[in-house]
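Descriptive analysis of the structure
Here is what each chain is made of, one letter per residue.
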Amino acid sequence: MDLYKPQYHFIPEKNWMNDPNGPIYYKGKYHLFYQHNPNDYHWDTMHWGHAVSEDLVHWEHLPIALTPSNELGETHCFSGCAVINNDGLPTIFYTSIGENERNGKDGAQQWMAVSHDDMITWEKYDSNPVLKLKLHGKMNIKEWRDPFIWKENEVWYMVLGGGCEEKGCVLIYSSLDLMNWKFLNKMFEAPEFKFLECPNMIKFGDKYVLVYSPSDIVRYHVGTLNEDFTFISEYEGILDNSGWEGFYAPNTLIDPIGRKIMWGWMTEVSRGDFEGANGWAGAQSIPRVLTLDSHNSLKMEPLSEYEMLRYDEESYNNKIINKNKIILKSKGRALEIKITIKINGDEDFSLNVFESPDNVETTTIRYDAVVGEIFVDRSKSSISEQVHKTILKSPLKKEVGQLLSIRVFVDHSIIEVFADSEICLSTRIYPTLENSENVSLELNKGNELNIQELSLWKMKSIW
Ligand code: FRU
(Lines give C-alpha, C1' and ligand atoms only; values in the text may rest on other atoms or scores of the structure.)
Protein backbone atom coordinates (compact mmCIF):
# COMPACT_ATOMS: atom_id res chain seq x y z
CA MET A 1 0.00 0.00 0.00
CA ASP A 2 1.30 3.42 -1.01
CA LEU A 3 1.21 5.59 2.13
CA TYR A 4 1.08 8.76 0.06
CA LYS A 5 -1.55 8.18 -2.62
CA PRO A 6 -4.67 10.27 -1.93
CA GLN A 7 -7.89 8.25 -1.48
CA TYR A 8 -10.63 10.86 -1.66
CA HIS A 9 -9.01 13.48 -3.88
CA PHE A 10 -9.23 13.01 -7.63
CA ILE A 11 -6.17 11.46 -9.27
CA PRO A 12 -5.65 9.66 -12.60
CA GLU A 13 -5.20 5.88 -12.65
CA LYS A 14 -1.46 6.40 -12.92
CA ASN A 15 1.24 8.81 -14.08
CA TRP A 16 1.42 12.56 -14.15
CA MET A 17 -1.38 15.13 -13.76
CA ASN A 18 -1.27 18.90 -13.45
CA ASP A 19 -3.93 21.57 -14.12
CA PRO A 20 -7.66 20.85 -14.05
CA ASN A 21 -8.97 21.64 -17.54
CA GLY A 22 -12.41 22.41 -18.98
CA PRO A 23 -14.66 21.29 -16.10
CA ILE A 24 -18.21 21.24 -17.47
CA TYR A 25 -21.71 19.92 -16.74
CA TYR A 26 -23.28 18.16 -19.71
CA LYS A 27 -26.36 15.91 -20.03
CA GLY A 28 -26.66 15.26 -16.30
CA LYS A 29 -22.99 14.56 -15.65
CA TYR A 30 -19.91 16.48 -14.58
CA HIS A 31 -16.81 16.18 -16.71
CA LEU A 32 -13.32 16.97 -15.55
CA PHE A 33 -10.33 17.08 -17.87
CA TYR A 34 -6.76 17.53 -16.77
CA GLN A 35 -3.21 18.03 -18.01
CA HIS A 36 -1.81 14.54 -18.19
CA ASN A 37 1.29 12.66 -19.26
CA PRO A 38 0.02 9.09 -19.80
CA ASN A 39 3.54 7.73 -20.28
CA ASP A 40 5.35 8.75 -17.13
CA TYR A 41 4.92 10.35 -13.75
CA HIS A 42 6.90 13.44 -14.75
CA TRP A 43 5.68 16.40 -16.81
CA ASP A 44 5.95 15.82 -20.58
CA THR A 45 3.82 15.31 -23.75
CA MET A 46 0.75 17.05 -22.40
CA HIS A 47 -2.51 15.23 -23.16
CA TRP A 48 -5.98 15.93 -21.79
CA GLY A 49 -7.06 13.18 -19.39
CA HIS A 50 -10.82 12.86 -18.83
CA ALA A 51 -13.14 11.66 -16.06
CA VAL A 52 -16.90 11.81 -15.46
CA SER A 53 -18.98 12.00 -12.29
CA GLU A 54 -22.64 12.01 -11.29
CA ASP A 55 -22.09 13.56 -7.86
CA LEU A 56 -18.82 15.58 -8.09
CA VAL A 57 -17.25 13.18 -5.57
CA HIS A 58 -16.93 9.76 -7.25
CA TRP A 59 -15.28 9.67 -10.67
CA GLU A 60 -15.01 7.24 -13.53
CA HIS A 61 -11.93 7.46 -15.72
CA LEU A 62 -12.63 7.87 -19.43
CA PRO A 63 -10.34 7.55 -22.48
CA ILE A 64 -7.88 10.35 -23.07
CA ALA A 65 -9.65 13.29 -24.71
CA LEU A 66 -6.79 15.07 -26.48
CA THR A 67 -3.48 13.67 -27.72
CA PRO A 68 -0.87 15.93 -29.33
CA SER A 69 -1.16 15.70 -33.16
CA ASN A 70 2.52 15.23 -33.96
CA GLU A 71 1.68 15.11 -37.69
CA LEU A 72 0.41 18.69 -37.38
CA GLY A 73 3.49 19.87 -35.53
CA GLU A 74 1.83 19.64 -32.12
CA THR A 75 3.78 18.23 -29.17
CA HIS A 76 1.60 19.39 -26.26
CA CYS A 77 -2.07 20.12 -25.67
CA PHE A 78 -1.84 22.74 -22.93
CA SER A 79 -4.61 23.93 -20.61
CA GLY A 80 -7.97 25.33 -21.63
CA CYS A 81 -11.72 25.11 -21.22
CA ALA A 82 -14.85 23.37 -22.51
CA VAL A 83 -18.14 24.98 -23.58
CA ILE A 84 -21.29 23.84 -25.39
CA ASN A 85 -21.21 25.61 -28.77
CA ASN A 86 -24.12 27.36 -30.54
CA ASP A 87 -25.10 24.00 -32.15
CA GLY A 88 -25.18 22.22 -28.79
CA LEU A 89 -21.88 20.40 -29.31
CA PRO A 90 -19.24 20.09 -26.59
CA THR A 91 -16.24 22.13 -27.65
CA ILE A 92 -12.77 22.30 -26.16
CA PHE A 93 -10.46 25.29 -26.51
CA TYR A 94 -6.84 24.72 -25.61
CA THR A 95 -3.35 25.98 -26.25
CA SER A 96 -1.45 24.04 -28.89
CA ILE A 97 2.33 23.93 -28.49
CA GLY A 98 4.94 22.52 -30.84
CA GLU A 99 8.64 22.85 -31.43
CA ASN A 100 10.76 25.63 -32.98
CA GLU A 101 8.49 28.45 -34.19
CA ARG A 102 5.55 26.81 -32.36
CA ASN A 103 7.31 26.93 -28.98
CA GLY A 104 5.44 27.93 -25.82
CA LYS A 105 7.29 31.17 -25.26
CA ASP A 106 6.52 32.93 -28.53
CA GLY A 107 4.72 30.55 -30.87
CA ALA A 108 1.63 29.33 -29.00
CA GLN A 109 -1.68 28.90 -30.87
CA GLN A 110 -5.23 28.47 -29.60
CA TRP A 111 -6.97 25.40 -31.00
CA MET A 112 -10.49 24.01 -30.93
CA ALA A 113 -11.84 20.43 -30.85
CA VAL A 114 -15.48 19.30 -31.03
CA SER A 115 -17.15 16.10 -29.84
CA HIS A 116 -20.00 14.44 -31.79
CA ASP A 117 -20.40 11.47 -29.44
CA ASP A 118 -21.13 13.03 -26.06
CA MET A 119 -17.52 13.74 -25.19
CA ILE A 120 -15.93 10.36 -25.78
CA THR A 121 -13.91 11.32 -28.85
CA TRP A 122 -12.81 14.78 -29.92
CA GLU A 123 -12.16 16.01 -33.46
CA LYS A 124 -9.70 18.83 -33.87
CA TYR A 125 -11.11 21.60 -36.06
CA ASP A 126 -9.85 21.60 -39.69
CA SER A 127 -9.08 25.30 -39.66
CA ASN A 128 -6.96 25.37 -36.50
CA PRO A 129 -5.46 27.58 -35.19
CA VAL A 130 -8.55 29.56 -34.22
CA LEU A 131 -6.46 32.34 -32.66
CA LYS A 132 -2.90 33.29 -33.56
CA LEU A 133 -0.51 35.80 -32.05
CA LYS A 134 -0.89 37.92 -35.22
CA LEU A 135 -4.31 38.95 -33.94
CA HIS A 136 -2.61 41.47 -31.64
CA GLY A 137 -0.78 43.43 -34.35
CA LYS A 138 2.53 44.73 -33.07
CA MET A 139 2.02 43.86 -29.40
CA ASN A 140 4.83 41.76 -27.99
CA ILE A 141 3.15 38.85 -26.20
CA LYS A 142 4.96 35.88 -24.71
CA GLU A 143 3.75 32.68 -22.98
CA TRP A 144 0.28 33.18 -24.48
CA ARG A 145 -2.04 30.46 -23.21
CA ASP A 146 -4.89 28.85 -21.28
CA PRO A 147 -8.20 29.96 -22.86
CA PHE A 148 -11.13 30.49 -20.49
CA ILE A 149 -14.51 31.20 -22.16
CA TRP A 150 -17.89 32.39 -20.93
CA LYS A 151 -21.05 33.74 -22.60
CA GLU A 152 -22.97 36.95 -21.91
CA ASN A 153 -25.97 38.18 -23.91
CA GLU A 154 -25.24 35.82 -26.82
CA VAL A 155 -21.63 36.99 -27.05
CA TRP A 156 -18.75 34.62 -26.25
CA TYR A 157 -15.81 36.09 -24.36
CA MET A 158 -12.38 34.54 -23.93
CA VAL A 159 -9.50 35.49 -21.68
CA LEU A 160 -5.93 34.29 -22.19
CA GLY A 161 -2.90 34.72 -19.98
CA GLY A 162 0.61 35.79 -20.97
CA GLY A 163 3.28 38.42 -20.66
CA CYS A 164 2.99 41.75 -22.47
CA GLU A 165 6.39 43.52 -22.67
CA GLU A 166 7.62 41.27 -19.85
CA LYS A 167 4.67 42.13 -17.61
CA GLY A 168 2.05 39.60 -16.60
CA CYS A 169 -1.21 40.26 -18.43
CA VAL A 170 -4.67 38.92 -19.22
CA LEU A 171 -6.02 39.55 -22.73
CA ILE A 172 -9.71 39.55 -23.66
CA TYR A 173 -11.45 38.59 -26.95
CA SER A 174 -15.03 38.20 -28.22
CA SER A 175 -16.82 36.06 -30.77
CA LEU A 176 -20.34 35.27 -31.92
CA ASP A 177 -19.62 31.79 -33.26
CA LEU A 178 -16.51 30.62 -31.36
CA MET A 179 -14.59 30.48 -34.65
CA ASN A 180 -14.00 34.13 -35.51
CA TRP A 181 -12.49 36.07 -32.67
CA LYS A 182 -11.83 39.76 -32.16
CA PHE A 183 -9.09 41.02 -29.83
CA LEU A 184 -10.75 43.51 -27.48
CA ASN A 185 -8.01 44.70 -25.13
CA LYS A 186 -5.31 43.96 -22.65
CA MET A 187 -7.78 43.50 -19.83
CA PHE A 188 -5.47 43.34 -16.85
CA GLU A 189 -1.82 43.72 -15.98
CA ALA A 190 0.24 42.46 -13.00
CA PRO A 191 3.64 44.11 -13.64
CA GLU A 192 5.30 42.32 -10.71
CA PHE A 193 5.11 39.02 -12.63
CA LYS A 194 6.62 38.09 -16.02
CA PHE A 195 3.52 36.27 -17.20
CA LEU A 196 0.18 35.01 -15.90
CA GLU A 197 -1.27 31.55 -16.42
CA CYS A 198 -4.77 30.07 -16.32
CA PRO A 199 -6.95 33.19 -15.95
CA ASN A 200 -10.56 32.52 -14.87
CA MET A 201 -13.32 35.18 -15.08
CA ILE A 202 -16.21 34.28 -12.83
CA LYS A 203 -19.30 36.47 -12.89
CA PHE A 204 -21.27 37.25 -9.73
CA GLY A 205 -24.07 39.74 -10.55
CA ASP A 206 -22.36 42.87 -11.85
CA LYS A 207 -18.95 41.89 -10.45
CA TYR A 208 -16.30 39.56 -11.77
CA VAL A 209 -13.74 37.58 -9.88
CA LEU A 210 -10.55 37.36 -11.93
CA VAL A 211 -8.27 34.52 -10.80
CA TYR A 212 -4.73 34.02 -12.13
CA SER A 213 -1.68 31.85 -11.49
CA PRO A 214 1.56 33.87 -11.69
CA SER A 215 4.10 31.04 -11.07
CA ASP A 216 3.55 31.95 -7.44
CA ILE A 217 0.67 32.04 -4.97
CA VAL A 218 -2.67 32.15 -6.84
CA ARG A 219 -4.30 35.60 -6.64
CA TYR A 220 -7.77 37.00 -7.31
CA HIS A 221 -9.27 40.39 -7.91
CA VAL A 222 -12.89 41.41 -7.49
CA GLY A 223 -14.00 44.17 -9.85
CA THR A 224 -15.90 45.23 -12.94
CA LEU A 225 -15.24 45.48 -16.67
CA ASN A 226 -14.98 48.93 -18.22
CA GLU A 227 -16.60 49.72 -21.57
CA ASP A 228 -13.18 49.38 -23.20
CA PHE A 229 -12.81 45.91 -21.61
CA THR A 230 -10.21 46.86 -19.04
CA PHE A 231 -10.66 45.39 -15.59
CA ILE A 232 -11.29 47.79 -12.71
CA SER A 233 -10.07 46.07 -9.57
CA GLU A 234 -11.83 46.92 -6.33
CA TYR A 235 -10.25 44.30 -4.12
CA GLU A 236 -7.27 41.98 -4.36
CA GLY A 237 -6.85 38.77 -2.37
CA ILE A 238 -5.03 35.47 -2.13
CA LEU A 239 -6.92 32.41 -3.30
CA ASP A 240 -4.59 30.01 -1.55
CA ASN A 241 -1.40 30.59 0.40
CA SER A 242 0.60 27.69 -1.01
CA GLY A 243 1.44 28.33 -4.69
CA TRP A 244 3.94 25.75 -5.88
CA GLU A 245 3.84 24.03 -2.49
CA GLY A 246 0.33 22.82 -3.11
CA PHE A 247 -2.35 24.69 -5.06
CA TYR A 248 -1.97 26.07 -8.57
CA ALA A 249 -3.74 26.72 -11.89
CA PRO A 250 -7.35 26.37 -10.66
CA ASN A 251 -10.30 26.07 -13.02
CA THR A 252 -14.04 26.59 -12.48
CA LEU A 253 -17.29 24.83 -13.36
CA ILE A 254 -20.74 26.39 -13.13
CA ASP A 255 -23.27 23.74 -12.14
CA PRO A 256 -27.00 23.68 -13.07
CA ILE A 257 -27.95 25.62 -9.94
CA GLY A 258 -25.31 28.26 -10.61
CA ARG A 259 -22.70 27.21 -8.07
CA LYS A 260 -19.17 28.18 -9.02
CA ILE A 261 -17.08 25.12 -8.25
CA MET A 262 -13.30 25.30 -8.42
CA TRP A 263 -10.55 22.68 -8.45
CA GLY A 264 -6.85 23.44 -8.14
CA TRP A 265 -3.86 21.30 -9.01
CA MET A 266 -2.27 20.01 -5.81
CA THR A 267 1.28 20.14 -7.08
CA GLU A 268 3.90 17.54 -6.28
CA VAL A 269 6.76 20.06 -5.97
CA SER A 270 7.01 19.48 -2.20
CA ARG A 271 7.86 15.82 -2.85
CA GLY A 272 11.34 16.91 -4.03
CA ASP A 273 13.53 13.86 -4.69
CA PHE A 274 11.62 11.70 -2.22
CA GLU A 275 11.24 8.22 -3.67
CA GLY A 276 8.64 6.84 -1.29
CA ALA A 277 5.83 7.66 -3.73
CA ASN A 278 6.18 6.81 -7.36
CA GLY A 279 4.22 5.92 -10.47
CA TRP A 280 1.87 8.85 -9.95
CA ALA A 281 2.11 12.61 -9.34
CA GLY A 282 -0.44 15.36 -8.77
CA ALA A 283 -3.96 15.45 -7.34
CA GLN A 284 -6.94 17.77 -7.62
CA SER A 285 -8.00 19.74 -4.55
CA ILE A 286 -11.36 19.29 -2.87
CA PRO A 287 -13.73 21.29 -5.07
CA ARG A 288 -14.41 24.70 -3.53
CA VAL A 289 -17.67 26.57 -3.89
CA LEU A 290 -17.02 30.27 -4.44
CA THR A 291 -19.43 33.02 -3.42
CA LEU A 292 -19.19 36.79 -2.99
CA ASP A 293 -20.63 38.11 0.24
CA SER A 294 -22.49 41.41 0.59
CA HIS A 295 -19.15 43.25 1.03
CA ASN A 296 -17.89 41.68 -2.22
CA SER A 297 -15.40 39.56 -0.40
CA LEU A 298 -14.74 36.08 -1.76
CA LYS A 299 -15.81 33.08 0.31
CA MET A 300 -14.55 29.57 -0.35
CA GLU A 301 -16.24 26.51 1.12
CA PRO A 302 -15.51 22.85 0.55
CA LEU A 303 -18.21 21.32 -1.66
CA SER A 304 -20.92 20.03 0.71
CA GLU A 305 -21.30 16.77 -1.27
CA TYR A 306 -18.02 15.63 0.27
CA GLU A 307 -19.87 15.13 3.56
CA MET A 308 -21.16 11.85 2.09
CA LEU A 309 -17.68 10.40 2.64
CA ARG A 310 -17.69 10.95 6.40
CA TYR A 311 -17.97 8.02 8.83
CA ASP A 312 -17.06 7.21 12.45
CA GLU A 313 -17.72 10.65 13.86
CA GLU A 314 -16.09 11.85 17.09
CA SER A 315 -17.43 15.15 18.38
CA TYR A 316 -17.35 17.51 21.34
CA ASN A 317 -19.14 20.69 22.31
CA ASN A 318 -18.03 23.40 24.72
CA LYS A 319 -14.72 21.87 25.65
CA ILE A 320 -12.03 23.83 27.45
CA ILE A 321 -8.36 22.92 27.06
CA ASN A 322 -5.74 24.24 29.47
CA LYS A 323 -2.20 23.07 29.51
CA ASN A 324 -2.38 19.39 28.69
CA LYS A 325 -2.07 18.05 25.22
CA ILE A 326 -5.08 15.99 24.18
CA ILE A 327 -4.77 13.05 21.82
CA LEU A 328 -8.07 12.40 20.12
CA LYS A 329 -9.56 8.94 19.67
CA SER A 330 -9.84 9.25 15.90
CA LYS A 331 -6.76 8.64 13.89
CA GLY A 332 -5.87 7.96 10.31
CA ARG A 333 -4.56 9.35 7.07
CA ALA A 334 -7.93 10.19 5.53
CA LEU A 335 -9.86 12.50 7.84
CA GLU A 336 -11.96 15.63 7.99
CA ILE A 337 -11.70 17.82 11.10
CA LYS A 338 -13.90 20.77 11.92
CA ILE A 339 -13.14 23.02 14.87
CA THR A 340 -14.78 26.22 16.06
CA ILE A 341 -12.99 28.30 18.69
CA LYS A 342 -14.31 31.22 20.70
CA ILE A 343 -11.43 33.65 20.73
CA ASN A 344 -10.03 34.87 24.06
CA GLY A 345 -7.35 36.96 22.39
CA ASP A 346 -4.31 35.47 24.14
CA GLU A 347 -4.37 31.92 22.79
CA ASP A 348 -1.87 30.18 20.58
CA PHE A 349 -2.96 26.63 19.83
CA SER A 350 -2.03 23.71 17.62
CA LEU A 351 -4.08 21.04 15.96
CA ASN A 352 -1.64 18.29 15.01
CA VAL A 353 -2.30 15.67 12.36
CA PHE A 354 -0.21 12.84 10.88
CA GLU A 355 1.46 12.64 14.28
CA SER A 356 3.51 9.61 15.35
CA PRO A 357 3.09 8.45 18.97
CA ASP A 358 6.72 9.37 19.68
CA ASN A 359 6.11 12.79 18.12
CA VAL A 360 8.95 12.36 15.63
CA GLU A 361 6.60 13.22 12.78
CA THR A 362 3.79 15.74 13.10
CA THR A 363 2.11 18.33 10.90
CA THR A 364 0.70 21.31 12.75
CA ILE A 365 -2.11 23.72 12.02
CA ARG A 366 -1.43 26.57 14.42
CA TYR A 367 -3.31 29.74 15.22
CA ASP A 368 -1.74 32.61 17.14
CA ALA A 369 -4.44 35.04 18.24
CA VAL A 370 -1.95 37.59 19.58
CA VAL A 371 -0.14 38.04 16.29
CA GLY A 372 -3.26 37.17 14.25
CA GLU A 373 -1.75 34.49 12.03
CA ILE A 374 -2.60 30.96 10.95
CA PHE A 375 0.10 28.44 9.97
CA VAL A 376 0.53 25.02 8.46
CA ASP A 377 3.84 23.98 9.94
CA ARG A 378 5.50 21.19 7.96
CA SER A 379 8.90 21.42 9.66
CA LYS A 380 8.39 18.01 11.38
CA SER A 381 5.98 16.58 8.80
CA SER A 382 8.37 13.88 7.58
CA ILE A 383 11.66 12.33 8.62
CA SER A 384 12.64 12.30 4.94
CA GLU A 385 15.34 14.85 4.15
CA GLN A 386 14.13 15.15 0.57
CA VAL A 387 10.70 16.68 0.98
CA HIS A 388 9.87 20.37 1.38
CA LYS A 389 9.08 21.45 4.92
CA THR A 390 8.54 25.19 4.73
CA ILE A 391 5.80 26.73 6.84
CA LEU A 392 2.75 28.16 5.11
CA LYS A 393 1.05 31.09 6.79
CA SER A 394 -1.53 33.81 6.43
CA PRO A 395 -2.66 36.80 8.47
CA LEU A 396 -5.98 36.15 10.19
CA LYS A 397 -7.05 38.75 12.74
CA LYS A 398 -9.84 37.97 15.19
CA GLU A 399 -11.46 40.06 17.90
CA VAL A 400 -12.06 38.79 21.43
CA GLY A 401 -15.36 36.93 21.54
CA GLN A 402 -15.45 36.17 17.82
CA LEU A 403 -15.61 32.63 16.49
CA LEU A 404 -12.84 31.12 14.39
CA SER A 405 -13.93 28.21 12.24
CA ILE A 406 -11.33 25.87 10.75
CA ARG A 407 -11.95 22.90 8.42
CA VAL A 408 -9.10 20.52 7.73
CA PHE A 409 -8.96 17.77 5.14
CA VAL A 410 -6.12 15.28 5.35
CA ASP A 411 -5.63 12.59 2.74
CA HIS A 412 -2.34 10.67 2.84
CA SER A 413 -0.02 13.30 1.35
CA ILE A 414 -2.53 16.16 1.28
CA ILE A 415 -3.55 18.72 3.83
CA GLU A 416 -6.11 21.41 2.99
CA VAL A 417 -7.09 24.03 5.54
CA PHE A 418 -10.05 26.41 5.20
CA ALA A 419 -10.21 29.14 7.85
CA ASP A 420 -13.40 31.19 8.21
CA SER A 421 -14.21 30.27 4.57
CA GLU A 422 -11.78 33.01 3.55
CA ILE A 423 -8.26 31.73 3.95
CA CYS A 424 -6.99 28.55 2.36
CA LEU A 425 -3.70 26.77 2.94
CA SER A 426 -3.44 23.64 0.79
CA THR A 427 -0.24 21.71 0.76
CA ARG A 428 1.54 18.38 0.51
CA ILE A 429 3.32 16.36 3.21
CA TYR A 430 4.95 12.93 3.11
CA PRO A 431 4.94 11.40 6.61
CA THR A 432 6.95 8.18 6.29
CA LEU A 433 6.08 6.36 9.52
CA GLU A 434 3.13 4.01 9.33
CA ASN A 435 1.91 5.15 12.73
CA SER A 436 1.98 8.87 11.89
CA GLU A 437 -1.80 8.87 12.21
CA ASN A 438 -2.66 10.62 15.46
CA VAL A 439 -4.61 13.83 15.87
CA SER A 440 -3.91 16.00 18.92
CA LEU A 441 -4.70 19.43 20.28
CA GLU A 442 -2.55 21.61 22.48
CA LEU A 443 -2.48 25.07 23.88
CA ASN A 444 0.96 26.61 23.38
CA LYS A 445 0.24 29.97 25.04
CA GLY A 446 -2.67 31.59 26.82
CA ASN A 447 -4.95 30.54 29.66
CA GLU A 448 -7.41 28.34 27.90
CA LEU A 449 -8.67 27.21 24.55
CA ASN A 450 -12.42 27.58 24.31
CA ILE A 451 -13.68 24.99 21.85
CA GLN A 452 -17.29 25.54 20.88
CA GLU A 453 -17.38 22.56 18.56
CA LEU A 454 -14.95 19.89 17.45
CA SER A 455 -15.80 17.08 15.05
CA LEU A 456 -13.62 14.51 13.38
CA TRP A 457 -14.62 12.03 10.74
CA LYS A 458 -12.84 9.29 8.92
CA MET A 459 -13.26 9.66 5.18
CA LYS A 460 -14.14 6.87 2.73
CA SER A 461 -12.20 6.32 -0.42
CA ILE A 462 -13.89 7.57 -3.59
CA TRP A 463 -12.61 4.66 -5.69
C1 FRU B 1 0.05 25.84 -15.47
C2 FRU B 1 0.55 25.54 -16.87
C3 FRU B 1 -0.32 26.19 -17.91
C4 FRU B 1 -0.06 25.33 -19.12
C5 FRU B 1 0.06 23.96 -18.51
C6 FRU B 1 1.02 23.05 -19.20
O7 FRU B 1 0.44 24.88 -14.55
O8 FRU B 1 1.91 25.95 -17.00
O9 FRU B 1 -0.04 27.56 -18.11
O10 FRU B 1 -1.10 25.40 -20.05
O11 FRU B 1 0.46 24.15 -17.16
O12 FRU B 1 0.98 21.76 -18.68
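Cut-offs applied
Residues numbered from 1 in each chain as written. Predicted model: local features only at pLDDT ≥ 70, side-chain atom pairs only at ≥ 80, totals over all residues. Heavy atoms only, no water. Helix = DSSP H or I, 4+ residues; strand = E, 2+ residues; numbered from the N terminus. Rg over C-alpha atoms; globule rule 2.2 N^0.38 Å. Buried < 20%, exposed > 50% of the residue type's maximum accessible area, 1.4 Å probe, protein only. Contact = heavy atoms within 4.5 Å. Pairing = 2+ DSSP bridges. Domains from an automatic or database assignment. Buried area = accessible area lost by both parts, 1.4 Å probe. Salt bridge = Lys/Arg side-chain N within 4 Å of Asp/Glu carboxyl O.

1. Overview of the overall build of the protein chain
In terms of helices and strands, the protein chain carries zero helices and 34 strands. A globule of 463 residues ought to have a C-alpha radius of gyration of about 23 Å, and the protein chain, at 22 Å, matches this closely. Each principal axis of the C-alpha distribution contributes one length, and for the protein chain these read about 70 × 45 × 40 Å. With 463 residues in all, the protein chain has 60% of them scored as buried. Long-range pairs, those at least 24 residues apart, make up 58% of the contacts in the protein chain between residues at least 6 apart in sequence.

2. Considerations on the sheet that holds strand β19 (residues 280-281)
One open sheet holds the five strands; their spatial order is β4-β3-β2-β1-β19, and the pairing between them is mixed. Of all the strands in the sheet, the pair left with one neighbour each is β4 (60-66) and β19. Bridge analysis of strand β1 (residues 15-26) against β19 gives two bridges, and the strand direction is parallel. Following the sheet pairing, N15 is matched in β19 by W280.

3. As for the domain arrangement of the protein chain
If you check the domain split of the protein chain, you get domain 1 (15-302) and domain 2 (306-459). Measuring from the centre of the C-alpha atoms in domain 1 to the corresponding centre in domain 2 gives 32 Å. Taken together, the contact pairs 32 residues of domain 1 with 30 residues of domain 2. For the domain 1 and domain 2 pair, buried surface summed over both sides reaches about 2500 Å², with 60% attributable to carbon and sulfur atoms.

4. Looking at the pattern of salt bridges
Inspection of every chain in the model, using the stated rule, returns 27 salt bridges. The shortest N-O distance in the salt bridge between D293 and K299 comes to 3.9 Å. Sharing partners across several salt bridges, the network here consists of E307, R310, E336 and R407.

5. Quick look at the pairing of strand β28 (residues 373-377)
In terms of burial, β28 is largely enclosed, as four of its five residues are buried. The loop that links strand β27 (residues 363-368) with its antiparallel partner β28 comprises four residues; one of these, G372, has a positive phi angle of about 75°. As defined by bridge partners, β28 adjoins strand β29 (residues 392-395) across four bridges and the pair is classed as antiparallel. Each bridged residue has a counterpart across the sheet, and for E373 the counterpart in β29 is P395.

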